[in-house]
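A structural walkthrough
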Amino acid sequence: MNTYFLKEIQKIAEDLMREAKADASGIFWETISSRIPDLEFYYSTNTNIYQGSGGVSLLFLELFRVTKGSQYLYYAEQSLAWLVNFIERNQMRNFQFITGDMSIVYLLARAYEVLDKKTYLHKALELCRDAERSLNSPLSEYLNGKAGTLYCLLYVYSLSKEEWLLDLIIKFIHSILSAVNLDKSGIYWDREERTIKGLCGFSHGASGIAYVFLELGQYFQNPVFIWLAEQAFEYENQFYSSTEKNWLDLRKAIFDEESERQFFDAFRNQDFTFFEQGTYMSAWCHGSPGIGMARLRAFELTQKQKYWEETQAAIENVLDKLHIKNSPNLCHGTLGNLELLLEAYRSANEESQWDVLTKVTQQVIEHKPEAGYYRSGLSLFTGRDIALFMGNAGVAYFLLRLVDWPNTPSMLMPRIRFSQADTPTLLDTFHFRNVHEQIVSQRFPKTLEGIGHLHPKQLKLYFLKKNPTVNVLNSFMEFVESLLGLPHRHQQQLKDSYAYEKCMVELDLSQKSYAYTYYKSHLYGKEAGRLLDLPEKVFSQHKVFLNSELVVKETAWDWNGDSIGSWERNLKIPPSRLKSLFLPKFWGVQAFGIASELMLALCEVFRSAKDLQQGKEEILAYFGDLDAAERERANQIVQLQIREAIKAEILLAPLDFESDERVNLENGEMTHR
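In this report, we go over the structure that sits alongside the text. In this text the structure is predicted, and so the values were computed from the model without any measurement.

**Digging into the side chain of Ser 376**
- Inspection of the secondary structure assignment puts Ser 376 in the loop between helix 15 (351-366) and helix 16 (392-403).
- The exposure class of Ser 376 is buried, given its relative accessible area of 3%.
- Within the structure, Ser 376 has its side chain in polar contact with the backbone nitrogen of Leu 378 (distance 2.9 Å).
- Apart from residues lying up to four places away in sequence, Ser 376 is in contact with Ser 327, Phe 381, Asp 385 and Met 390.

See the structure below:
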């Protein structure tokens with residue numbers, strides 16, 4: 001046991017014991033939080049592992065396990081009692097693993113493992129029942145989303161084998177699968193207005209969700225979950241730089257006045273590069289250290305050399321970016337990055353990695369500030385931060401990992417122990433055919449339905465593949481196109497539905513930045529709101545123009561909407577000439593349905609910017625000769641249609657940037673596909 005590291009752990013633990021507060025229910029700590037965007041720091045009674053008392057409690061639990069010190073057990077159990085009482089008084093409010101109330105579930109389950117007290121497991125199970133309320137959470141990510149919740153449920157199930165908990169795990173898997181986005185290469189999950197594309201990385205990106213699927217795969221011995229993780233890795237590898245030995249950080253957000261000014265200036269100056277270029281960060285949360293951990297776990301489970309090579313590249317990045325004087329925090333600091341080396345040492349037992357680990361960690365301790373505490377992961381905060389992921393408790397926890405690495409679990413990539421006994425495979429629920437088909441159906445639901453009607457045998461054979469090809473999207477499109485030449489009296493409907501959905505897919509994949517798409521919609525939406533509030537006489541004097549991103553798709557049948565019966569309907573009716581309107585949004589493609597002749601006329605008239613009154617007169621000309629009453633009625637209909645088009649951002653009002661420079665977007669062109 002490394003006495004140097006243990007001595008530093010004990011110093012930190014003594015500080016934490018001095019800072020503890022107590023009430024009738026137990027012991028807790030006030031930890032640092034911040035208000036964004038003001039960055040006002042304050043102390044509060046957080047409960048979670050990331051930034052609250054939960055993380056400190058976990059440290060004391062593991063410290064007791066290693067040292068058997070009774071004082072550590074006292075603080076572990078007293079703080080756990082306070083946490084449970086807090087939850088019982090306030091109920092489960094959020095169900096994230098690391099940053100939410102599932103932290104307490106994890107702590108209770110870990111306390112059961114360490115202390116062998118079944119009351120802790122029973123309480124963990126009781127709290128798990130409430131987790132079903134988060135199935136509709138919009139985020140799938142590991143840190144703040146359903147993937148972390150799912151991991152925690154799996155951990156408790158591995159200790160309890162409760163059937164109802166397995167049913168809940170299955171529901172969470174279904175929920176996460178339903179949120180998959182199929183990309184030109186691989187899959188990802190969360191789409192947000194604050195990103196360029198779906199994020200890479202462990203905390204908020206594809207790697208973290210992939211890691212949970214890896215743990216599901218090894219625990220249930222189900223290769224489908226491993227395949228899903230590998231599909232997520234394929235997505236991330238589009239953004240890998242061999243020069244940087246890192247994956248792009250695709251965040252692009254407004255979080256303060258300065259970033260808001262940057263967005264505004266870039267949009268005004270048509271600096272599209274600003275919205276499309278990511279950066280590189282080297283941390284567990286974003287970048288090589290966390291992604292490398294996910295790849296290392298993939299190598300351990302699959303023994304595929306490419307994952308070991310990607311792990312090694314990530315390790316090289318960590319070593320290149322090491323700065324002893326940075327904050328040592330676990331989330332995005334020096335020691336968190338060293339976790340990758342520690343896990344690689346655990347896997348390969350290379351002495352050179354251990355030498356680096358101990359040498360750098362010793363330097364971190366030697367550079368401890370004179371104030372007596374380590375720098376917080378909150379970069380602008382200069383006081384004492386005691387939290388597990390951002391502060392001193394995390395330093396002590398990492399040191400404890402070095403002292404007892406075989407038995408102290410990593411909180412950055414916590415493994416689930418596999419037990420062959422009584423563990424189902426879930427292959428009856430999740431097998432390659434239904435999971436593969438579910439992923440494809442999110443891009444091509446109508447086409448799949450049509451192939452099921454026209455070529456059921458070929459469809460069954462296609463999805464019977466035991467290990468689908470890496471590029472799911474291209475493979476399916478090639479499969480469909482191979483069917484289009486087969487003889488069938490309804491083959492034209494299949495071609496038509498495929499062309500309709502392919503248009504939507506290509507439009508969505510052509511988006512270069514969700515942040516740009518959102519910001520453009522935000523600016524024009526604000527201007528539309530201002531315009532629509534004007535009196536009609538003033539309103540009609542303003543210019544508008546066609547949104548240049550609008551796509552008009554011509555089909556012979558109507559494939560709009562979610563109706564399952566569209567195929568049966570379209571098999572019974574003759575072809576015609578229909579036109580659908582599509583607009584890209586950061587969340588996908590908005591389909592407006594079959595366009596009326598009036599809407600198509602409106603789009604044609606406003607292809608170049610013009611006053612609303614002039615445009616309205618040109619549209620009314622499409623109606624031909626009308627008497628006064630008919631003209632008044634037609635005028636009302638056109639006015640209403642124009643207003644609806646502005647509200648839907650089909651028509652845009654020029655933006656006034658209060659300068660001589662203006663965005664040159666006043667000439668709209670419909671894109672026909």
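On we go from here.
**Notes on the packing of aromatic side chains**
- This model, assessed by the stated rule, comprises 54 aromatic pairs.
- Both rings, one in Tyr 157 and one in Tyr 219, keep their centres 6.2 Å apart while their planes meet at 80°; by these two values the pair is edge-to-face. Here the residue Tyr 157 occupies a position in helix 6 (residues 146-160), and Tyr 219 occupies one in helix 8 (residues 206-220), the gap between them amounting to 62 residues.
- Owing to a relative accessible area of 0%, Tyr 219 belongs among the buried residues under this scheme.
- Each ring, one from Tyr 157 and one from Phe 220, has its centre 6.4 Å from the other, and the planes form 35°; the classification is tilted. Separated by 63 residues along the polypeptide, Tyr 157 in helix 6 and Phe 220 in helix 8 bring together distant segments of the chain.

**Quick notes on the environment of Thr 425**
- By secondary structure assignment, the location of Thr 425 is in the loop between helix 16 and helix 17 (432-441).
- By relative accessible area, which is 34% here, Thr 425 ends up partly exposed.
- Taking the C-alpha atoms as reference points, Thr 425 and Gln 218, 207 residues apart in sequence, are found 9.7 Å from one another.
- Not counting residues up to four positions away in its chain, the partners in contact with Thr 425 are Phe 220 and Asn 222.

**Focus: the packing of helix 13 (residues 305-321) against helix 14 (residues 334-348)**
- Orientation of helix 13 relative to helix 14, taken along the N-to-C sense of each, is 140°, at an axis distance of 9 Å. Compared by their axis directions, helix 13 and helix 14 come out oblique. The element helix 13 and its partner helix 14 pack so that their crossing is left-handed. For the pair formed by helix 13 and helix 14, the contact residues are Trp 308, Thr 311, Ala 314, Ile 315, Val 318 and Leu 319 on the first element and Asn 337, Leu 340, Leu 341, Ala 344 and Ala 348 on the second.
- For the contact of helix 13 with helix 14, the residue count by class is 9 nonpolar, 2 polar and no charged.

**Observations concerning the packing of helix 4 (residues 102-115) against helix 6**
- In the contact formed by helix 4 and helix 6, the axes pass within 10 Å of each other and the chain directions differ by 25°. By the angle class used here, helix 4 and helix 6 are roughly parallel. In this structure, the crossing between helix 4 and helix 6 has a hand that is left-handed. Only Thr 149, Tyr 151, Cys 152, Leu 153, Tyr 155, Val 156 and Leu 159 of helix 6 make contact with helix 4, whose side of the interface consists of Met 102, Val 105, Tyr 106, Ala 109, Arg 110, Tyr 112 and Glu 113.
- Looking at side-chain class alone, the contact of helix 4 with helix 6 contains 11 nonpolar, 1 polar and 2 charged residues.

**Quick word on helix 6**
- For helix 6, which comprises 15 residues, the first-to-last C-alpha distance of 21 Å matches the rise-based estimate of 21 Å (1.5 Å per residue) to within 8%.
- In the segment just after helix 6, Lys 161 is the residue with positive phi, at about 55°.

**Some details on the sheet that holds strand 9 (residues 543-546)**
- Read from one edge to the other, the open sheet built from 3 strands follows the order 13-9-14, with strand pairing classed as antiparallel. Two strands lie at the open edges of the sheet, namely strand 13 (610-611) and strand 14 (651-652), each paired on one side alone.
- Where strand 9 and strand 14 come together, 2 bridges link them in antiparallel fashion. Looking at strand 14, one finds that Phe 545 is bridged to Leu 652.

**Some points on helix 3 (residues 70-90)**
- In this model helix 3 runs 30 Å from its N-terminal to its C-terminal C-alpha over 21 residues, within 8% of the 30 Å that 1.5 Å per residue would give.
- Listing the buried residues of helix 3 in full gives Tyr 72, Tyr 75, Ala 76, Glu 77, Ser 79, Leu 80, Trp 82, Leu 83, Val 84, Phe 86 and Ile 87.
- In this structure, the buried side of helix 3 is in contact with helix 1 (3-19), strand 1 (21-23), strand 2 (26-28), helix 2 (53-67), helix 4 and helix 5 (118-128).
- Among the residues trailing helix 3, Gln 91 stands out with phi positive, at a value near 65°.

**Quick look at unusual backbone geometry**
- The phi dihedral of Asp 116 falls on the positive side, at around 60°, and the residue is not glycine.
- By the secondary structure assignment, Asp 116 is in the loop between helix 4 and helix 5.
- On the accessibility criterion, Asp 116 (58% relative accessible area) is exposed.
- Backbone geometry places Gln 221, a non-glycine residue, at a positive phi of 55°.
- Among the secondary structure elements, Gln 221 is positioned in the loop between helix 8 and helix 9 (223-237).
- Classification of Gln 221 as partly exposed rests on a relative accessible area of 44%.

**A word on the pattern of salt bridges**
- Per the counting criterion, the structure on display carries 43 salt bridges.
- The salt bridge partner of Glu 316 is Lys 245, with a shortest N-O separation of 3.6 Å. In this pair, Glu 316 is assigned in helix 13 and Lys 245 in the loop between strand 7 (240-241) and strand 8 (246-247), connecting sequence segments 71 residues apart.
- A relative accessible area of 38% places Glu 316 in the partly exposed class.
- Counted as one network, the salt bridges with shared partners bring together Glu 215, Arg 297, Glu 300, Glu 339, Glu 343, Arg 401 and Arg 415.

Analysis parameters
- Residues numbered from 1 in each chain as written.
- Predicted model: local features only at pLDDT ≥ 70, side-chain atom pairs only at ≥ 80, totals over all residues.
- Heavy atoms only, no water.
- Helix = DSSP H or I, 4+ residues; strand = E, 2+ residues; numbered from the N terminus.
- Buried < 20%, exposed > 50% of the residue type's maximum accessible area, 1.4 Å probe, protein only.
- Polar contact = N/O pair within 3.5 Å; in protein donor to acceptor, adjacent residues only side chain to side chain.
- Contact = heavy atoms within 4.5 Å.
- Phe/Tyr/Trp six-rings, centres within 6.5 Å; stacked < 30°, edge-to-face > 60°.
- Axes fitted to C-alpha atoms, helices over the stretch in contact; angles between N-to-C directions.
- Parallel < 35°, antiparallel > 145°, perpendicular 65-115°, else oblique.
- Left-handed = near helix turned anticlockwise from the far one by under 90°.
- Nonpolar A, V, L, I, M, F, W, Y, C, P; charged D, E, K, R; others polar.
- Expected span 1.5 Å × (residues − 1).
- Pairing = 2+ DSSP bridges.
- Salt bridge = Lys/Arg side-chain N within 4 Å of Asp/Glu carboxyl O.

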